[in-house]
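Here are the chains, one letter per residue:
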Amino acid sequence: MSESMNGTTANTPPTLYIEGPAFWAPTLPGWDLARAAFREEGALTDPPAKRPSPQMLAPAERRRAPDTVALALEVATAAVAASGRDAKALPCVFASAHGDLGINDYMCSTLATDPSVLSPTKFHNSVHNAAVGYWSIGTGCMAASNSVSAFETSFAAALLETATQCAADQQAILLVGFDVPAVGPLASVTTSRGLMATAFVVSPVRTERAVASFDWSLEPGLSQVPALHSPAAKVLDTNSIADALPVFEALARGSTGPLRLPLAPTMSLRLLLHPLD
């Protein structure tokens, strides 16, 4: 096997680094609160917080932005700030299992009953890459962006996409995952409850802002979503981006064991996390 510049073999993915974990849910509105709760050292916020208000948007845009956009921009902003990087120069991968299910329900019901009253703004926000579009506009970012959807394995698929881009281009990548509740008839075919969003930056090199490293590979065979340990994480397990929870819980708890995140019935993404001092 040939050797790469960093000493790994040509068919072994390189070690990558996580910077700036960010988290938001109504009961855990921020990574510091989530980290403490996932370590079973803190409580859930009561009463729950209202949805975030992304300050990067103009007031009119802020009011029109749907929950998906508000969530995604909240954690993306926090992750980039914690990483110390420039949002304008940072490629990004945004992930959502379904996009905005509330808007999708509105679109379907309006088209079925009175298409002439369909809101152009709602239509504008119905596309799956609406959140990353708002992010690009709000930050002035001209770097590459990608919007990923893979049903119940959307975060794992987006993490694989992010890691692959980071390793191939030797450039840091912002990863954002978010989802909102299912409503109307869509709730009978997909389960998603509550608001939740996660983010971090993946870097090809260790920096002073790195909080963990991870080795990664694809692994054949059946796999189950890793079990959650903390009551705080288990409460959020019904959101569609919940496959992110094992990763963020492991980051919070400083876990070093392998995590196998399902990608498909016969394939998983294997992560080996290493907390950094």
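Within every chain, residues take consecutive numbers counted from 1 along the sequence as written. Local features in this predicted model are restricted to residues whose pLDDT is 70 or higher, and side-chain atom pairs enter the listing and the counts only when it is 80 or higher, whereas totals over whole chains, interfaces and linings include all residues. Remark: hydrogens and water are excluded; side-chain values derive from all non-hydrogen atoms of the structure.

*Asks:* Teacher, can you tell me more about the overall build of the protein chain here?
*Replies:* Secondary structure is summarised from DSSP: a helix means a run of H or I of at least four residues, a strand means a run of E of at least two, and numbering begins at the N terminus for each. Along the backbone of the protein chain there are nine helices and eight strands. Here the protein chain has a C-alpha radius of gyration of 19 Å; the compact-globule value for 277 residues is 19 Å, and the two agree. Each principal axis of the C-alpha atoms in the protein chain carries an extent, and together these give about 65 × 40 × 35 Å. Categorising residues by exposure relies on relative accessible area from a 1.4 Å probe, with only protein chains included: less than 20% of the type maximum marks a residue as buried, more than 50% marks it as exposed, and the intermediate range marks it as partly exposed. The 277 residues of the protein chain split such that 48% are buried. Considering only contacts within the protein chain whose residues lie at least 6 apart along the sequence, 71% involve residues at least 24 apart. All accessibility values rest on the Shrake-Rupley procedure with a 1.4 Å probe; residue burial counts only the protein chains present in the view. Taken as a whole, the protein chain presents about 12700 Å² of accessible surface, with 56% of it coming from carbon and sulfur. We count Lys and Arg on the positive side and Asp and Glu on the negative side, and we leave His and both chain ends out. Think of each charge as sitting on NZ of Lys, CZ of Arg, CG of Asp or CD of Glu. Across the protein chain, the 17 positively charged side chains and the 24 negatively charged ones have centroids separated by 5 Å. As a reference, a globule follows 2.2 Å times the number of residues to the power 0.38, and the radius of gyration itself is taken over C-alpha atoms. By definition in these notes, contact holds between two residues if any of their heavy atoms fall within 4.5 Å.

*Asks:* Quick question: what am I supposed to make of the layout of surface pockets here?
*Replies:* The probe, sized like a water molecule, is rolled over the atoms to show the empty space still left. Cavities and pockets are defined on a 1 Å grid built over the protein atoms alone: a cavity is a set of grid points where a 1.4 Å probe fits but cannot escape, while a pocket is an open set with protein on both sides within 12 Å along at least five of seven lines, and lining residues are those with an atom within 4 Å of any such point. Grid points are joined across faces, edges and corners, and a volume is the space filled by probe spheres set on the points. Size it by volume and the largest pocket reaches roughly 390 Å³. Together, 22 residues line the largest pocket, and Glu 152, Thr 153, Val 225, Ala 242 and Asp 243 are the ones closest to its centre. Mapped onto the lining of the largest pocket, the elements with two or more residues apiece are α9 (245–253) and β7 (258–264). The residue inventory of the lining of the largest pocket, partitioned by class, reads ten nonpolar, nine polar and three charged. Under this grouping Gly is polar, as are all residues other than the nonpolar Ala, Val, Leu, Ile, Met, Phe, Trp, Tyr, Cys and Pro and the charged Asp, Glu, Lys and Arg.

*Asks:* Looking at this structure, I do not really get the pattern of salt bridges. What am I missing?
*Replies:* A side chain of one charge can pair with a side chain of the opposite charge when the charged atoms of the two come close. What counts as a salt bridge is simple: a side-chain nitrogen of Lys or Arg found within 4 Å of a carboxyl oxygen of Asp or Glu. The full count for this structure, using the stated rule, is seven salt bridges. Ionic pairing is found between Arg 51 and Asp 67, a salt bridge with its closest N-O pair at 3.0 Å. Separated by 16 residues along the polypeptide, Arg 51 in the loop between α1 (31–38) and α2 (59–64) and Asp 67 in helix α3 (residues 67–83) bring together distant segments of the chain. A relative accessible area of 31% means that Asp 67 is categorised as partly exposed. Across the pair Glu 61 and Arg 64 runs a salt bridge whose closest N-O atoms are separated by 2.6 Å. Remark: Arg 64 and Glu 61 occur in helix α2; sequence separation between them is three residues, near one turn of the helix.

*Asks:* What's the story with the packing of α1 against α9 in this structure? I'm lost.
*Replies:* The relative placement of two packed helices comes down to the angle between their axes together with the axis-to-axis distance. Only C-alpha atoms enter the line fits that serve as axes; for helices the fit covers just the stretch in contact. Angles between N-to-C directions range over 0 to 180 degrees. At a minimum axis distance of 8 Å, the contact between α1 and α9 shows a crossing angle of 80 degrees. In this view, α1 runs roughly perpendicular relative to α9, as classed from their interaxial angle. In this structure, α1 uses Trp 31, Arg 35 and Phe 38 to contact α9, whose residues at the interface are Leu 245, Phe 248, Glu 249, Leu 251, Ala 252 and Arg 253. Partitioned by chemical class, the residues of the contact of α1 with α9 number six nonpolar, no polar and three charged. Put simply, angles under 35 degrees are roughly parallel, angles over 145 are roughly antiparallel, angles from 65 to 115 are roughly perpendicular, and the rest are oblique.

*Asks:* In this structure, what is going on with the sheet that holds strand β4 (residues 173–179)? I would like to understand it.
*Replies:* Backbone hydrogen bonds are what pair the strands of a sheet, in a parallel or an antiparallel way. Here, strands pair whenever DSSP counts at least two bridges between them. Taken in spatial order, the eight strands of this open sheet run β3-β2-β4-β5-β1-β6-β8-β7, and their pairing is mixed. The two strands at the open ends of the sheet, each matched to only one other strand, are β3 (145–148) and β7. This sheet shows a mean twist of 30 degrees between the axes of neighbouring strands, independent of strand direction. Each of β1 (16–24), β2 (92–95), β4 and β5 (196–203) is contacted by α3, which is oriented at about 135 degrees to β1, the strand it contacts most.

*Asks:* How do you make sense of the pairing of β5 when you look at a structure like this?
*Replies:* With eight of eight residues buried, β5 lies mostly within the body of the structure. Residues Met 196, Thr 198, Phe 200 and Val 202 of β5 are buried on one face, and the alternating residues Ala 197, Ala 199, Val 201 and Ser 203, pointing to the opposite face, are buried as well. Pairing of β1 with β5 involves six bridges; the strand directions are antiparallel. Paired with Ile 18 across the bridge in β5 is Val 202. Pairing geometry for β4 and β5, over seven bridges, is antiparallel. Each residue of the ladder has a partner; that of Asp 179, found in β5, is Met 196.

*Asks:* Would you mind showing me how to read empty space enclosed by the protein here?
*Replies:* For the structure on display, the rule yields one cavity of 30 Å³ or more. Here the largest cavity defines a volume of roughly 60 Å³. When residues of the lining of the largest cavity are traced back to their parent elements, those giving at least two are α3 and α6 (130–139). Taken together, the residues of the lining of the largest cavity sort by class into five nonpolar, five polar and one charged.

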